[in-house]
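# Summary of the model geometry
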Amino acid sequence: MLQLENVSLNYGSFRALDKVSLHAKQGELVVLLGANGAGKSSIFGTISGLHKAANGRIRFGDQDLVGQKPSRVVQHGVLHCPEGRKLFPGMSVLKNLMLGAYVHRRDRKGIQRTLEEVFAMFPILFDKKDDAAGSLSGGQQQMVAIGRALMGRPQALLLDEPSLGLAPLVVKQVFEVIQKINRAGTTVLLAEQNAYAALQIASRAYVIESGRIVMEGSRDELMNNDAVRRAYIGA
Ligand code: ATP
């Protein structure tokens, strides 16, 4: 279980997160809905050790993650797939993928096996493994970013806006892959503005506004909530 309890985060005098509490049980797919600037990336950065919470607790299994370096958080099995993908565009697809294993894995055979699993999930990446990552389409680059996170063998995967800037058909493919990863047992926390597609594959969701969780519920509760529909689904 990944659990945040009353987590606050300040950027200087600006309070970006205010007593955020949320959790994802093992194997759950939980969605974070929120407009631009609501604080979704700040939550992920705080979990993954990029930002240090001013208050509160972040637990993953029996580990307390607050104050741990990003490399330690990765070692505990929590992998962050950031908004904007953050690939190395001039490096090959294969090298970008291998970076996901570099921080904490030394088991060459295991790494090779995971690479084969990633190629099985994204056959197009096998075809393009020697191409520069920057030469791929947006959707393919998103697949590299997700594949790189999978190379770290995550127990929990934090996906920040994976559908950003992608064509609708590609968005559908990306969400299918996320669902598949989750069904294989990985806990997923998914931040999205594409609320409809995200809720389709979620079990539960939270709504964040100005750094505060303002609503939480099951997929069906949020799908049928008028305020959520108006603000995030547009129907
Ligand atoms: P987006 O999808 O646009 O990234 P978000 O929900 O992920 O939105 P955050 O990126 O977490 O939102 O930003 C939350 C708030 O914190 C915003 O008001 C943003 O301007 C501010 N913020 C984010 N990073 C910093 C920073 N390094 N320094 C100061 N303010 C920041």
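Values in this document were obtained by computation on a predicted structure and should not be read as measured data.

## A word on the domain arrangement of the protein chain
Under the domain assignment used here, the protein chain contains domain 1 (2–77 + 154–233) and domain 2 (89–152). Here the C-alpha centre of domain 2 lies 23 Å away from the C-alpha centre of domain 1. If you look at the interface, domain 1 gives 14 residues, while domain 2 gives 12 residues. Taking both partners together, domain 1 and domain 2 bury about 1100 Å²; carbon and sulfur atoms supply 82% of that area. For domain 1, the biggest contributors to the area lost against domain 2 are Pro154, Val177 and Ile181; these three give 33% of the whole. Where domain 1 meets domain 2, there are 0 salt bridges.

## Thoughts on the site of the ligand
As a matter of local geometry, the ligand sits amid 14 residues, with Gly37, Gly39, Lys40, Ser41 and Ser42 nearest to it. Within the backbone of Ser41, a nitrogen or oxygen atom sits 2.7 Å from an oxygen atom of the ligand. Breaking the shell around the ligand down by element, the ones donating at least two residues are β2 (14–24) and α1 (40–47). For the shell around the ligand, the leading source of residues is α1, giving 3 residues.

## Overview of unusual backbone geometry
Phi is positive for Asn6, which is not a glycine, with a value near 50°. Taking the relative accessible area as the measure of exposure, Asn6 reaches 42% and is therefore partly exposed.

## Observations concerning the sheet that holds strand β9 (residues 204–209)
Spatial ordering of the open sheet is given by β6-β7-β8-β3-β9-β10, a layout of 6 strands whose pairing is mixed. Strands with a single pairing partner mark the edges of an open sheet, and in this sheet they are β6 (78–81) and β10 (212–218). Put simply, the sheet's adjacent strands are angled 15° from each other on average, direction ignored. In terms of strand pairing, strand β3 (residues 29–33) meets β9 through 4 bridges, oriented parallel. Residue pairing in the sheet places Val31 in a bridge with Ala205 of β9. In the packing of helix α6 (residues 138–151) onto the sheet, the strands contacted are β6 and β7 (156–160), and the crossing angle to β6 comes to about 165°. Its contacts with the sheet place helix α7 (residues 168–183) against β3, β7 and β8 (187–192), and it is angled at close to 155° to β8.

## Overview of the packing of α6 against α7
The description of two helices packed together rests on the angle between their axes and the distance between the axes. Two elements in contact, α6 and α7, have axes separated by 10 Å at closest approach and are oriented at 15°. As judged from the angle between their axes, α6 and α7 are roughly parallel. For the crossing formed where α6 meets α7, the hand is right-handed. On α7, the residues that touch Gly139, Gln142, Met143, Ile146 and Leu150 of α6 are Val170, Gln173, Val174, Ile178 and Ile181. Looking at side-chain class alone, the contact of α6 with α7 contains 7 nonpolar, 3 polar and no charged residues.

## Details of the nonpolar core
The nonpolar side chains of a soluble globular protein tend to be buried, and buried together. Ranked by size, the top nonpolar core spans 49 residues in total, and within it Ile146, Ile178 and Leu190 carry the most contacts. Per element, the largest residue contribution to this core is 7 residues, and it comes from α6. The residues touching Leu190, leaving out its near neighbours within four places in the chain, are Leu29, Val30, Val31, Leu32, Phe44, Leu159, Pro162, Phe175, Ile178, Ala198 and Ile201. Grouped together as the second largest cluster of nonpolar side chains are 27 residues, Leu4, Val73, Val78 and Ala156 included.

Procedures and definitions
- Residues numbered from 1 in each chain as written.
- Predicted model: local features only at pLDDT ≥ 70, side-chain atom pairs only at ≥ 80, totals over all residues.
- Heavy atoms only, no water.
- Domains from an automatic or database assignment.
- Contact = heavy atoms within 4.5 Å.
- Buried area = accessible area lost by both parts, 1.4 Å probe.
- Salt bridge = Lys/Arg side-chain N within 4 Å of Asp/Glu carboxyl O.
- Near = heavy atom within 4 Å.
- Polar contact = N/O pair within 3.5 Å; in protein donor to acceptor, adjacent residues only side chain to side chain.
- Helix = DSSP H or I, 4+ residues; strand = E, 2+ residues; numbered from the N terminus.
- Buried < 20%, exposed > 50% of the residue type's maximum accessible area, 1.4 Å probe, protein only.
- Pairing = 2+ DSSP bridges.
- Axes fitted to C-alpha atoms, helices over the stretch in contact; angles between N-to-C directions.
- Parallel < 35°, antiparallel > 145°, perpendicular 65-115°, else oblique.
- Left-handed = near helix turned anticlockwise from the far one by under 90°.
- Nonpolar A, V, L, I, M, F, W, Y, C, P; charged D, E, K, R; others polar.
- Core = buried A, V, L, I, M, F, W, Y, C linked by side-chain atoms within 4.5 Å.

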